[in-house]
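# Analysis of the macromolecular model
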Amino acid sequence: MKLVSVETPEKSVCKMTFSATAEELETASNAVYERTRASYTIKGFAKGEADRAQIEADRGEHTFWYDAINDLMDKDVPALYDAAMKEHGFKPVDEPSYDLVSVKKDEGFVATATTALQPELTLTQTTGFKVECVTPAVTDKEIDAVLERRRAAAAELVPHKGPAVKGNIVHMDYEGLLDGKAFAGGSAKNQTLQLGSGRMIPGFEDGILGHKGGEEFEITVNFPVRYHVKDLAGKPAVFKIKLLDVCVRQLPALNSDFAKKVGKVDTMEEFREQVRKQLYDGKHSSALNRAKDQILTQLAAAAEGELPSVLVESTYQHEMENIQQQLQMQRLSLDRYLSQIHQTRENFTANVHTAAEKNTRARMALLQIAQNENLVPTEEEIDKNLQERADRTKKTLEEVKANVNVPLMQRNEAIRRAADWVIEHSTIEEK
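Residues numbered from 1 in each chain as written. Predicted model: local features only at pLDDT ≥ 70, side-chain atom pairs only at ≥ 80, totals over all residues. Heavy atoms only, no water.

Per an unreviewed UniProt entry, the chain goes by Trigger factor and derives from Faecalibacterium hattorii. One UniProt comment on the chain, placed under Sequence similarities (unreviewed entry), says "Belongs to the FKBP-type PPIase family. Tig subfamily." Listed in UniProt under the heading Catalytic activity (unreviewed entry), the comment for the chain reads: "[protein]-peptidylproline (omega=180) = [protein]-peptidylproline (omega=0)". (UniProt positions renumbered as here; feature names shortened; annotations may be inferred.)

What follows is the structure in structure tokens.
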């Protein structure tokens, strides 16, 4: 492969164009074929028996191109890219974004790498920012809520001789039968279940209500129509249940014994004060972090100049991905979340984009400050950090470096140091 051109389509953006000949593409494609041929099943041939022409006739002539292109790019482009960056004196601040421009069997392929470069910002202020740190008061209601949670966590299960009711904890063995036969996943031993939790399929927990520990009985329930196991969806099943015991959760009294056992202090007054301090420390830490963020927001406002659009867009995409991942953990779609907070998708994405621009501006300002104040970590400092990581993982420094983006690590550490420096040279007034 070769480097065709280096352009700056906009300020602080570099675009490199690379090309490979038809011969290079063919050689790489044949290497991919040899590496992967055993995985292809083509009609009329045993798995792995079809040759390249037969595979391409069935799947298309491009079958091996894209893996071949990736192989060539991985092998040749990094050295060409680094040499061009060094030759032009460019300082990249993000990973390159690659695009395939064209690919033809008799011409080879052309690809581009677009990279954000460090912008030159005018920093009208870098120190002396002033913000307030307001820590909300801790209320008795908040303390009571924590104590109730601690109390619930310390509750003990006590056998209950009466019939089971909602809220009871039961231990049981059960066997599920479909048309009189046991089915996979339908049986369990010594299972714990809180009645009314909705953990089991509809009707299962209700069928246990009214029974006492030691009883054996059967219940008939229907699996939901949209049950995740298709073979069971919508079908009736019989469960043979042996109720081992029925228990109630007994909460401890809020007295000195509870304070000693859970809080490791002598009295409830001391325990309440301990909880109050824990809550205050948490609130103060959050308030302090908000104040520090406000300082960096002021720094961003004091940083004038044009940012590379590709860097802002990259930050925006990264933040949207983080939001989507957080929502997935809560089993929420973006549309459902937006309906809960009463925002349109357009307003929400516009706000995220604004935040991405502000975050990018602050980071680029901090990187510039780190360079001006000699806060960028040296190669020796980076190597020392990576050597410690190597020692912990029982690897060599070279092995660790092979899996680390050293320039990114250096930039991030420089930005972190600069943020600490700006905050240290600003005023946070406690309220």
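Now that the structure is up, let's keep going.
Here we come to the overall build of the chain. Each helix and strand in the chain was counted, giving 13 helices and 13 strands. Its C-alpha atoms give the chain a radius of gyration of 32 Å, clearly above 22 Å, the size a compact globule of 431 residues would have. Overall, the C-alpha framework of the chain stretches about 85 × 80 × 50 Å when taken along its three principal axes. In the chain, of all internal contacts separated by at least 6 residues, the share reaching a separation of at least 24 is 67%. Of the roughly 25,900 Å² of accessible surface on the chain, a fraction of 49% belongs to carbon and sulfur atoms. (Helix = DSSP H or I, 4+ residues; strand = E, 2+ residues; numbered from the N terminus. Rg over C-alpha atoms; globule rule 2.2 N^0.38 Å. Contact = heavy atoms within 4.5 Å. Areas by Shrake-Rupley, 256 points an atom, 1.4 Å probe, with all protein chains shown as cover.)

Right, let's get into the sheet that holds strand β2 (residues 13-20). Pairing is antiparallel across the open sheet formed by four strands, whose spatial order is β1-β2-β4-β3. Looking at which strands have only one partner, the edges of the open sheet turn out to be β1 (2-10) and β3 (97-104). When strand polarity is set aside, the average angle formed by the axes of neighbouring strands in this sheet is 20°. Taken together, the six bridges between β1 and β2 define a ladder with antiparallel strand orientation. (Pairing = 2+ DSSP bridges. Axes fitted to C-alpha atoms, helices over the stretch in contact; angles between N-to-C directions.)

A separate point is the nonpolar core. Nonpolar side chains tend to gather and get buried jointly when the protein is soluble and globular. By size, the foremost hydrophobic cluster in this structure holds 29 residues, and its most contacted members are Leu299, Met364, Leu366 and Val422. Secondary structure elements with two or more residues in this core: β6 (130-133), α7 (268-301), α8 (309-329), α10 (345-372) and α13 (406-424). With seven residues, α13 is the single largest residue contributor to this core. When sequence neighbours within four positions are dropped, the list of residues in contact with Val422 reads Thr126, Phe129, Ile295, Leu299, Leu366 and Ile369. In terms of nonpolar packing, the next biggest core, distinct from the first, is built from 28 residues, Met16, Phe18, Ile55 and Leu72 among them. (Core = buried A, V, L, I, M, F, W, Y, C linked by side-chain atoms within 4.5 Å. Buried < 20%, exposed > 50% of the residue type's maximum accessible area, 1.4 Å probe, protein only.)

Before going further, it helps to spend a moment on the domain arrangement of the chain. On domain assignment, one finds that the chain holds domain 1 (2-117), domain 2 (156-250) and domain 3 (374-430). Taking only C-alpha atoms into account, the centre of domain 1 sits 33 Å from that of domain 3. (Domains from an automatic or database assignment.)

Further remarks concern the UniProt feature "domain: PPIase FKBP-type" (unreviewed entry) in the chain. Sequence positions flagged by UniProt for "domain: PPIase FKBP-type" (unreviewed entry) are, in local numbering, residues 167-227. Taken end to end, residues 167-227 comprises 8% helix and 51% strand; its first and last C-alpha atoms sit 25 Å apart.

Quick look at the environment of Lys161 now. Within the secondary structure, Lys161 sits in the loop between β7 (156-159) and β8 (169-178). For Lys161, a relative accessible area of 79% gives the class exposed. Here the alpha-carbon distance between Lys161 and Thr135, two residues 26 residues apart in the chain, equals 50 Å.

Let us now look at the packing of aromatic side chains. In this description, a pair of aromatic rings is defined by centroid distance and the angle of the planes. This structure, assessed with the given rule, holds eleven aromatic pairs. On the numbers, 4.8 Å between centres and 50° between planes, the contact of Phe223 with Tyr227 is tilted. Of the residues examined, Tyr227 reaches a relative accessible area of 22% and is grouped as partly exposed. (Phe/Tyr/Trp six-rings, centres within 6.5 Å; stacked < 30°, edge-to-face > 60°.)

In total, this model carries 21 salt bridges according to the counting rule given. Where Arg345 meets Asp335, a salt bridge forms, and the shortest distance between an N and an O atom there is 2.8 Å. Taken together, the positions of Arg345 in helix α10 and Asp335 in helix α9 (residues 334-341) put the pair ten residues apart, joining distant regions of the chain. We classify Arg345 as partly exposed; its relative accessible area is 38%. (Salt bridge = Lys/Arg side-chain N within 4 Å of Asp/Glu carboxyl O.)

Orientation of α8 relative to α10, taken along the N-to-C sense of each, is 120°, at an axis distance of 8 Å. Considering the angle they form, α8 stands oblique to α10. The chirality of how α8 crosses α10 is right-handed. Here α8 contributes Leu311, Val312, Glu313, Thr315, Tyr316, Glu319, Met320 and Ile323 to the contact with α10, which in turn contributes Phe348, Thr349, Val352, His353, Ala355, Ala356, Glu357, Asn359, Thr360 and Met364. Here the contact of α8 with α10 is built from residues that sort into ten nonpolar, five polar and three charged. (Parallel < 35°, antiparallel > 145°, perpendicular 65-115°, else oblique. Left-handed = near helix turned anticlockwise from the far one by under 90°. Nonpolar A, V, L, I, M, F, W, Y, C, P; charged D, E, K, R; others polar.)

Moving on to the layout of surface pockets. Taken as a whole, the largest pocket holds about 610 Å³ of empty space. Considering the residues around the largest pocket, the lining is formed by 23 residues, among which Phe90, Lys91, Pro92, Pro407 and Arg411 are closest to the centre. At five residues, the largest contribution of residues to the lining of the largest pocket is made by helix α3 (residues 65-88). Residues that form the lining of the largest pocket fall into these classes: twelve nonpolar, five polar and six charged. Looking at the lining of the largest pocket, you find at least three residues from each of domain 1 (2-117) and domain 3 (374-430). When its volume is computed, the second largest pocket comes out at roughly 370 Å³. (1 Å grid on protein atoms, 1.4 Å probe; cavity = no way out; pocket = protein on both sides within 12 Å on 5 of 7 lines; lining within 4 Å. Points joined across faces, edges and corners; volume = space filled by probe spheres on them.)

A word on unusual backbone geometry. Phi at His342 takes a positive value of approximately 60°, unusual for a residue other than glycine. Notably, Lys394 is not glycine yet its phi reads approximately 60°, a positive angle. With respect to the helices and strands, Lys394 occurs in the loop between α11 (379-393) and α12 (397-402).

Attention now goes to the environment of Pro407. Its location among the elements puts Pro407 in helix α13. For Pro407, a relative accessible area of 48% corresponds to the partly exposed category. Remark: the alpha-carbon pair of Pro407 and Leu209, spanning 198 residues in sequence, is separated by 63 Å.

Turning to helix α6 (residues 256-263), its buried residues are Phe258, Ala259 and Gly263. Angularly, the buried residues of α6 cover 100° about the axis, an arc narrow enough to put them on a single face. Summarising the geometry of α6, the exposed residues directed more than 90 degrees from the buried face are Asp257 and Lys261. Residues of α6 that are buried sit in contact with α4 (140-153) and α7. (Arc of directions from axis to C-beta.)

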